[in-house]
Amino acid sequence: SQQGEEDPQALSIQEGENATMNCSYKTSINNLQWYRQNSGRGLVHLILIRSNEREKHSGRLRVTLDTSKKSSSLLITASRAADTASYFCATDALGSNYKLTFGKGTLLTVNP
Amino acid sequence: DGGITQSPKYLFRKEGQNVTLSCEQNLNHDAMYWYRQDPGQGLRLIYYSQIVNDFQKGDIAEGYSVSREKKESFPLTVTSAQKNPTAFYLCASSKRPGQPNQPQHFGDGTRLSIL
């Protein structure tokens, strides 16, 4: 079952612009994680935010978590062509024995 | 460099054939996972293992089998019972099983197609 659902499904922006992707989920979580996948490659872990955290930063990435709305957002600032990839949220749901459930992803295209 | 190695990168299966996908890690991680990814979809968990000689079914285990005889290795066999095996298969690992807040590290996948 898909716990997280990303929105939008696809996003196309110009280099230098900011990109925002959203994730909604259904059940209570231990944490929420964001991953990036370049075409034909494996996933790369970007950032993990715990259920008691509201915001986290890592370089050009900013993640927010609103547990009351069961939603998270990933902001990439000053985007680059190299940021072109699919971005997935994954939830570690309470009672799941710490297994991750992935959404379908947002395909981000950054045009030079 | 530590990491996860999946092989082969591309694999073709004939009708009625079992095929085995290799996954090896040198990260000294205890937990390992197999996921299936279909086009435009997220990842679905096939099997996972938290310790050597032990593994559990994920959400879509039917038609698949695994073994975990060594900490470093977690091969996945796609059996002839899996009628729709065409997909991208990803192996992952994490440091401590049964613990929260563990990121997963992924290999670069094996793309399986039917001949």
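Before reading on, note that the structure itself is shown above.
Residues numbered from 1 in each chain as written. Chains lettered and ligands numbered in written order. Predicted model: local features only at pLDDT ≥ 70, side-chain atom pairs only at ≥ 80, totals over all residues. Heavy atoms only, no water.

Draft legend 1. Seen up close, the environment of B:Gly109. Residue and element names in this part refer to chain B. Along the chain, glycine 109 falls in the loop between strand 10 (105-106) and strand 11 (110-114). Take glycine 109: its relative accessible area is 3%, and that puts it in the buried class. Each residue touching glycine 109, except ones within four places of it in the same chain, is listed here: Gln6, Pro8, Lys9, Phe88, Tyr89 and Leu90. (Helix = DSSP H or I, 4+ residues; strand = E, 2+ residues; numbered from the N terminus. Buried < 20%, exposed > 50% of the residue type's maximum accessible area, 1.4 Å probe, protein only. Contact = heavy atoms within 4.5 Å.)

Draft legend 2. Just the pattern of salt bridges, in detail. Residues and elements named next belong to chain B. Enumeration over the complete set of coordinates arrives at 7 salt bridges over all chains. The shortest N-O distance in the salt bridge between lysine 71 and aspartate 30 comes to 3.5 Å. Here the residue lysine 71 occupies a position in the loop between strand 7 (64-66) and strand 8 (76-78), and aspartate 30 occupies one in the loop between strand 3 (19-25) and strand 4 (31-37), the gap between them amounting to 41 residues. Under the relative-accessibility criterion, aspartate 30 is labelled partly exposed at 28%. In this structure, aspartate 38 and arginine 36 form a salt bridge, with 3.0 Å as the shortest nitrogen-oxygen distance. One network of salt bridges, in which partners are shared, links Arg36, Asp38 and Arg44. (Salt bridge = Lys/Arg side-chain N within 4 Å of Asp/Glu carboxyl O.)

Draft legend 3. Structural context of the pairing of strand 9 (residues 85-93) of chain A. Residue and element names in this part refer to chain A. Along strand 9, 9 of the 9 residues are buried, which leaves the element largely enclosed by surrounding structure. What you see with strand 9 is no split at all: Ala85, Tyr87, Cys89, Thr91 and Ala93 on one side and Ser86, Phe88, Ala90 and Asp92 on the other are buried throughout. Where strand 4 (residues 29-37) and strand 9 come together, 8 bridges link them in antiparallel fashion. Each residue of the ladder has a partner; that of leucine 32, found in strand 9, is threonine 91. As defined by bridge partners, strand 9 adjoins strand 11 (residues 106-111) across 3 bridges and the pair is classed as antiparallel. (Pairing = 2+ DSSP bridges.)

Draft legend 4. Representation of the interface of chain B and chain A within the structure. Residue-level contacts link 24 residues of chain B with 23 residues of chain A. For the pair chain B and chain A, the two sides together bury roughly 1900 Å², of which 49% comes from carbon and sulfur. Across the contact surface, chain B and chain A share 1 salt bridge. Across the pair B:Asp108 and A:Arg41 runs a salt bridge whose closest N-O atoms are separated by 2.9 Å. On the surface where chain B and chain A come into contact, there are 5 residue pairs in polar contact (both at pLDDT 80 or more). Counting only elements with at least two residues in the side of chain B that touches chain A, the list comes to strand 4, strand 5 (43-51) and strand 9 (87-94) of chain B. The dominant element in the side of chain B that touches chain A, judged by the number of residues it contributes, is strand 5 of chain B, at 4 residues. Counted by class, the side of chain B that touches chain A contains 9 nonpolar, 11 polar and 4 charged residues. (Buried area = accessible area lost by both parts, 1.4 Å probe. Polar contact = N/O pair within 3.5 Å; in protein donor to acceptor, adjacent residues only side chain to side chain. Nonpolar A, V, L, I, M, F, W, Y, C, P; charged D, E, K, R; others polar.)

Draft legend 5. View of the pairing of strand 3 (residues 19-24) of chain A. Residue and element names in this part refer to chain A. Along strand 3, the buried face is formed by Ala19, Met21 and Cys23; none of Thr20, Asn22 and Ser24, which line the opposite face, is buried. In this structure, strand 1 (residues 5-7) lies alongside strand 3, joined through 3 bridges in antiparallel fashion. Note that in strand 3 the partner of glutamate 6 across the bridge is cysteine 23. In terms of strand pairing, strand 3 meets strand 8 (residues 71-76) through 6 bridges, oriented antiparallel. Within strand 8, the position partnered with cysteine 23 by the bridge is serine 72.

Draft legend 6. How the structure looks around the state of the cysteines. Residue and element names in this part refer to chain B. Applying the stated criterion across every chain yields a total of 2 disulfides over all chains. Here cysteine 23 is linked by a disulfide to cysteine 91, with a sulfur-sulfur distance of 1.9 Å. Taking the torsion about the sulfur-sulfur bond, which here is approximately -75°, the covalent link between cysteine 23 and cysteine 91 counts as left-handed. In this pair, cysteine 23 sits in strand 3 while cysteine 91 sits in strand 9, placing the two residues 68 residues apart along the sequence. For the pair cysteine 23 and cysteine 91, a shared accessibility class is recorded, and that class is buried. (Disulfide = S-S within 2.5 Å.)

Draft legend 7. Layout of the sheet that holds strand 1 (residues 4-7) of chain B. All names here are of chain B. Taken together, 4 strands build an open sheet; the order of strands is 1-3-8-7 and the sheet is antiparallel. Either end of the sheet is taken by a strand with one partner, and the two such strands are strand 1 and strand 7. Strand-to-strand, the axes of this sheet are offset by a mean angle of 20°, without reference to chain direction. With 4 bridges connecting them, strand 1 and strand 3 associate as antiparallel partners. Within the sheet, the bridge partner assigned to isoleucine 4 lies in strand 3 and is glutamine 25. (Axes fitted to C-alpha atoms, helices over the stretch in contact; angles between N-to-C directions.)

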